[in-house]
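# Structural characterization, general
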Amino acid sequence: MQYILLGSAVILEIIATTLLKASEGFSKLIPSISCIIFYVICFYCFSKALLKINLGVAYATWCAGGIVATAIISSIIFGQKLSTLGIIGIILIVAGCVILNLYGTAH
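For the rest of this paragraph, the subject is the packing of aromatic side chains. The geometry of an aromatic ring pair is captured by the separation of the ring centres together with the interplanar angle, meaning the angle of the planes. Under the defined criterion, the tally for this structure stands at 4 aromatic pairs. Centre to centre, the rings of Phe43 and Trp62 are 5.5 Å apart; their planes meet at 70 degrees, and the pair counts as edge-to-face. Within this pair, whereas Phe43 is found in helix α2 (residues 29–49), its partner Trp62 is found in helix α3 (residues 55–76), the two being separated by 19 residues in sequence. The exposure class of Phe43 is partly exposed, given its relative accessible area of 46%.

So, on to the packing of helix α1 (residues 2–22) against α3. For the pair α1 and α3, the least separation of the axes is 9 Å and the interaxial angle reads 40 degrees. Taken together, α1 and α3 sit at an angle that is classed as oblique. Judged by the sense of rotation from one axis to the other, the crossing of α1 with α3 is right-handed. Counting all contacts with α1, which are made through Leu6, Ala9, Val10, Glu13, Ile14, Thr17 and Thr18, the residues of α3 involved are Ala58, Thr61, Trp62, Gly65, Gly66, Ala69, Thr70 and Ile73. Residue composition of the contact of α1 with α3, by class: 8 nonpolar, 6 polar and 1 charged.

Time to look at the environment of Gly56. Within the secondary structure, Gly56 is located in helix α3. A relative accessible area of 47% means that Gly56 is categorised as partly exposed. Taking the C-alpha atoms as reference points, Gly56 and Ile91, 35 residues apart in sequence, are found 20 Å from one another.

This part is about the pattern of salt bridges. Inspection of the entire model under this criterion finds 1 salt bridge. Between Glu24 and Lys28 there is a salt bridge, with the nearest N and O atoms lying 3.2 Å from each other.

Below, the discussion takes up the nonpolar core. Counting residues in each nonpolar core, the largest one holds 15 residues, and the members touching the most others are Leu6, Ala9, Phe46, Ile53 and Trp62. Listing elements by their share of this core, those giving two or more residues are α1, α2 and α3. With 6 residues, α1 is the single largest residue contributor to this core. Beyond its immediate chain neighbours, meaning those up to four positions away, Ile53 contacts Gln2, Tyr3, Leu6 and Ala58.

Attention shifts here to the side chain of Thr17. With respect to the helices, strands and loops of the structure, Thr17 is situated in helix α1. Exposure remark for Thr17: the relative accessible area of 19% places this residue in the buried category. Separated by 2.8 Å, the side chain of Thr17 and the backbone oxygen of Glu13 make a polar contact. Of the polar contacts made by the side chain of Thr17, one reaches the side chain of Tyr39; its length is 2.9 Å. In contact with Thr17, not counting residues within four places along its chain, are Tyr39 and Thr70.

Basis of the calculations
- Residues numbered from 1 in each chain as written.
- Predicted model: local features only at pLDDT ≥ 70, side-chain atom pairs only at ≥ 80, totals over all residues.
- Heavy atoms only, no water.
- Phe/Tyr/Trp six-rings, centres within 6.5 Å; stacked < 30°, edge-to-face > 60°.
- Helix = DSSP H or I, 4+ residues; strand = E, 2+ residues; numbered from the N terminus.
- Buried < 20%, exposed > 50% of the residue type's maximum accessible area, 1.4 Å probe, protein only.
- Axes fitted to C-alpha atoms, helices over the stretch in contact; angles between N-to-C directions.
- Parallel < 35°, antiparallel > 145°, perpendicular 65-115°, else oblique.
- Left-handed = near helix turned anticlockwise from the far one by under 90°.
- Contact = heavy atoms within 4.5 Å.
- Nonpolar A, V, L, I, M, F, W, Y, C, P; charged D, E, K, R; others polar.
- Salt bridge = Lys/Arg side-chain N within 4 Å of Asp/Glu carboxyl O.
- Core = buried A, V, L, I, M, F, W, Y, C linked by side-chain atoms within 4.5 Å.
- Polar contact = N/O pair within 3.5 Å; in protein donor to acceptor, adjacent residues only side chain to side chain.

By themselves, these observations are geometric and do not establish any function.
If you want it as structure tokens, here you go:
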């Protein structure tokens, strides 16, 4: 259940961040309000996930998921290009997150 909450938090954060871009500096009402609502629900889900998942692992997973998905979305939806080094960086973020989730906690 805790990983479902963490996954929900990641998805909600991605939606909220995309809406943040669409709000154009909070100058558009609907995307601005939607962004705030999605962030609030995101943090609620994340806080509930933290009841069972270590903070370091949960936060790294949350950030990595958000960074990777947001970079891809910004490229597809907003036409922002990624450099080769940017793509390598994303691969390293994913690899680091996988390693942390598999081996980062003491048992």
